[in-house]
Amino acid sequence: RMCQLTCPIAALAFVMATSIGTSASTQGLGFITTTQKRRRFLRSPLVLHEASPSSSSSEVKTQIERLISSLGGNSDDSDDGDDDDATISKVHIIGTGLSDRASSLPLRTLSVLSRADVVLHDALSLPESQIRLVVPDGCIVRSVGKRGDDRPNSVPQSDIDALLLRYAADDAFRTVVRLKGGDPFLFGRTRTEVDALRDGGAAYEVTPGLSSCIAGPHYGGVPLTDPVVGAQSFSVFSGTDARGRGAGRAADDNDSSDGGRMIDWSSLDVDSLVFLMIGRLDKLEELCGSIGGERGGYRWHGDTPCAVVRSAGRPLEQRVWRATLSTLVGTIRNDLGEAAVSISPAVLVVGPTASLDLLSQT
């Protein structure tokens, strides 16, 4: 059942499956069971009808509900078997992976968006123009994104927590959606949002998404494991901590939060390293020097292959750079110009698989 409700809409793309059953019954074939409709749906050719900007939100919602129904699911919150009170407000915290188009989202996510009263979205989640293709006409859509290289225009997390709780407490908003890029629980701030909702007694549900630490490298043709090169494991790190400091910085003996201890890269018994939030080139250069320097030991050195994938999954913006730890930042600056400051959003892979290029060919 879960597989049915989370299959990507890109694969099925609003196929009007139930129209087959409806037209058949009007021709005197009588009642058509869910199984019969599902069989007819599977046998019928796929006709891709992606919603156009001119499509009304009610039309999109109807298409989504019909498709979910044809797969034997429910488009409301009762698909888990509970008899939820439809009058109670609920907050949906949803990961959108690296999707930049509504047509790439799972059916369940589209169903929730199609009846949303409020959507609070991150800078790296679905673009607002795509969100508005699905949500009802009167839905409130607000950007609450935080970007490390644009702090003045970033919304403080405490404000986001308060907004969620305010909307959840208002009877006028039954379905409140918090859209997050990637996965909500991986290097996100979902914990504070959940704590605020729990403290306020608000109902909520968290839907996972495909993290950029997995999808980002793969969009760039970089597998994280590969038996041919002997890569069987990897570790994931944040390239920037909650205070905005880079992972490659030197320990500050005067900073009690560091405790005088930094990551000893040489002690990591893994084949590859993956870093998110490494957009600033000065921090990236510091990180590469740290891994490839004394703290890298024999395992990591200046000639270790590495790759950066920028704006992964967005064909018109995606860039991939392959080099070594000692040459990576220079390679990027040679391409973008010496004045380049940031390549955010980006993911860094360090290790033998970074030299591979398995991008799709056409």
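You'll find the structure just up there.
Right, let's walk through the structure included here.

Conventions adopted
Residues numbered from 1 in each chain as written. Predicted model: local features only at pLDDT ≥ 70, side-chain atom pairs only at ≥ 80, totals over all residues. Heavy atoms only, no water. Helix = DSSP H or I, 4+ residues; strand = E, 2+ residues; numbered from the N terminus. Contact = heavy atoms within 4.5 Å. Core = buried A, V, L, I, M, F, W, Y, C linked by side-chain atoms within 4.5 Å. Buried < 20%, exposed > 50% of the residue type's maximum accessible area, 1.4 Å probe, protein only. Salt bridge = Lys/Arg side-chain N within 4 Å of Asp/Glu carboxyl O. Axes fitted to C-alpha atoms, helices over the stretch in contact; angles between N-to-C directions. Parallel < 35°, antiparallel > 145°, perpendicular 65-115°, else oblique. Nonpolar A, V, L, I, M, F, W, Y, C, P; charged D, E, K, R; others polar. Phe/Tyr/Trp six-rings, centres within 6.5 Å; stacked < 30°, edge-to-face > 60°. Lys NZ or Arg CZ within 6 Å of the ring centre and 35° of its normal. Pairing = 2+ DSSP bridges. Expected span 1.5 Å × (residues − 1). Arc of directions from axis to C-beta.

## Topic: the environment of Ser311
Point 1. Positionally, Ser311 belongs in the loop between strand S8 (305-310) and strand S9 (319-324).
Point 2. Put simply, Ser311 and Ala346 are 35 residues apart on the chain and 6.1 Å apart in space, counted from C-alpha to C-alpha.
Point 3. Sequence-distant contacts of Ser311, defined by excluding residues within four places in its chain, comprise Glu317, Gln318 and Pro345.

## Structural notes on the nonpolar core
Point 1. Membership of the largest hydrophobic core comes to 27 residues, with the highest contact counts inside it found for Leu273, Phe275, Leu284, Val308, Leu328 and Leu348.
Point 2. Breaking this core down by element, the ones donating at least two residues are strand S7 (272-276), helix H11 (281-292), S8, S9, helix H12 (328-336) and strand S10 (346-350).
Point 3. Here this core gets five residues from one element, more than from any other, and that element is H11.
Point 4. Those residues within four positions of Leu273 in sequence are excluded, and the remaining contacts are Ser235, Phe237, Trp265, Leu268, Ile291, Trp300, Leu348, Val349 and Val350.

## Side note on the pattern of salt bridges
Point 1. Under the defined criterion, the tally for this structure stands at twelve salt bridges.
Point 2. Between Arg299 and Asp269 there is a salt bridge, with the nearest N and O atoms lying 3.2 Å from each other. Residue Arg299 is found in the loop between H11 and S8, and its partner Asp269 is found in the loop between strand S6 (234-238) and S7; the two are separated by 30 residues along the sequence.
Point 3. The salt bridge partner of Arg280 is Asp282, with a shortest N-O separation of 2.6 Å.
Point 4. On the accessibility criterion, Arg280 (32% relative accessible area) is partly exposed.
Point 5. One connected set of salt bridges, linked through shared partners, spans Asp122, Arg178, Lys180 and Glu193.

## With respect to the packing of H11 against H12
Point 1. Running from N to C, H11 and H12 cross one another at 150 degrees; their axes reach a closest spacing of 9 Å. Comparing their axes, H12 and H11 come out roughly antiparallel. Judged by residue contacts, Leu281, Asp282, Leu284, Glu285 and Cys288 of H11 engage Leu328, Val329, Ile332 and Arg333 from H12.
Point 2. In terms of residue class, the contact of H11 with H12 is built from six nonpolar, no polar and three charged.

## Comments concerning the packing of aromatic side chains
Point 1. If you walk through the whole model with that rule in mind, you get four aromatic pairs.
Point 2. Ring centres of Tyr167 and Phe173 lie 5.1 Å apart, and the angle between their planes is 85 degrees; this geometry places the pair in the edge-to-face category.
Point 3. You can call Phe173 buried: its relative accessible area is 15%.
Point 4. Centroid distance Phe237 to Phe275: 5.3 Å. Interplanar angle 20 degrees. Geometry classified as stacked. Note that Phe237 is positioned in strand S6 and Phe275 in strand S7, a separation of 38 residues in sequence.
Point 5. By relative accessible area, Phe237 is classed as buried at 15%.
Point 6. Residue class for Phe275 comes out buried when judged on its relative accessible area of 0%.
Point 7. Ring pairing ties together the aromatic residues Phe237, Trp265 and Phe275, which thus form one cluster.
Point 8. Above the face of the Tyr167 ring, Arg166 is positioned so that its terminal group lies 5.0 Å from the ring centre.

## Examining the sheet that holds strand S2 (residues 118-121)
Point 1. Here we have five strands laid out as an open sheet, ordered S3-S2-S4-S1-S5, and parallel in their pairing. Two strands close off the open sheet at either side, each with one partner strand: strand S3 (140-143) and strand S5 (203-207). Here the strands of the sheet are splayed against their neighbours by 15 degrees on average, with no regard to which way each runs.
Point 2. Of the pairings in the sheet, the one linking strand S1 (residues 90-95) to S5 comprises five bridges and is parallel in character. When the bridges of S5 are listed, Ile93 appears paired with Val206.
Point 3. Against the sheet, helix H6 (residues 107-114) engages S1, S2, strand S4 (175-180) and S5, with an angle of about 130 degrees to S4.

## Details of helix H8 (residues 157-168)
Point 1. Between its first and last C-alpha atoms H8 spans 17 Å; for twelve residues at 1.5 Å apiece the expected length is 16 Å, and the two agree.
Point 2. Along H8, the residues that are buried comprise Gln157, Ile160, Asp161, Leu163, Leu164, Tyr167 and Ala168. Along the axis of H8, the buried residues cluster in a sector spanning 160 degrees; they form a single face.
Point 3. Next to the buried residues of H8 lie S1, S2, S3, S4 and helix H9 (190-199).

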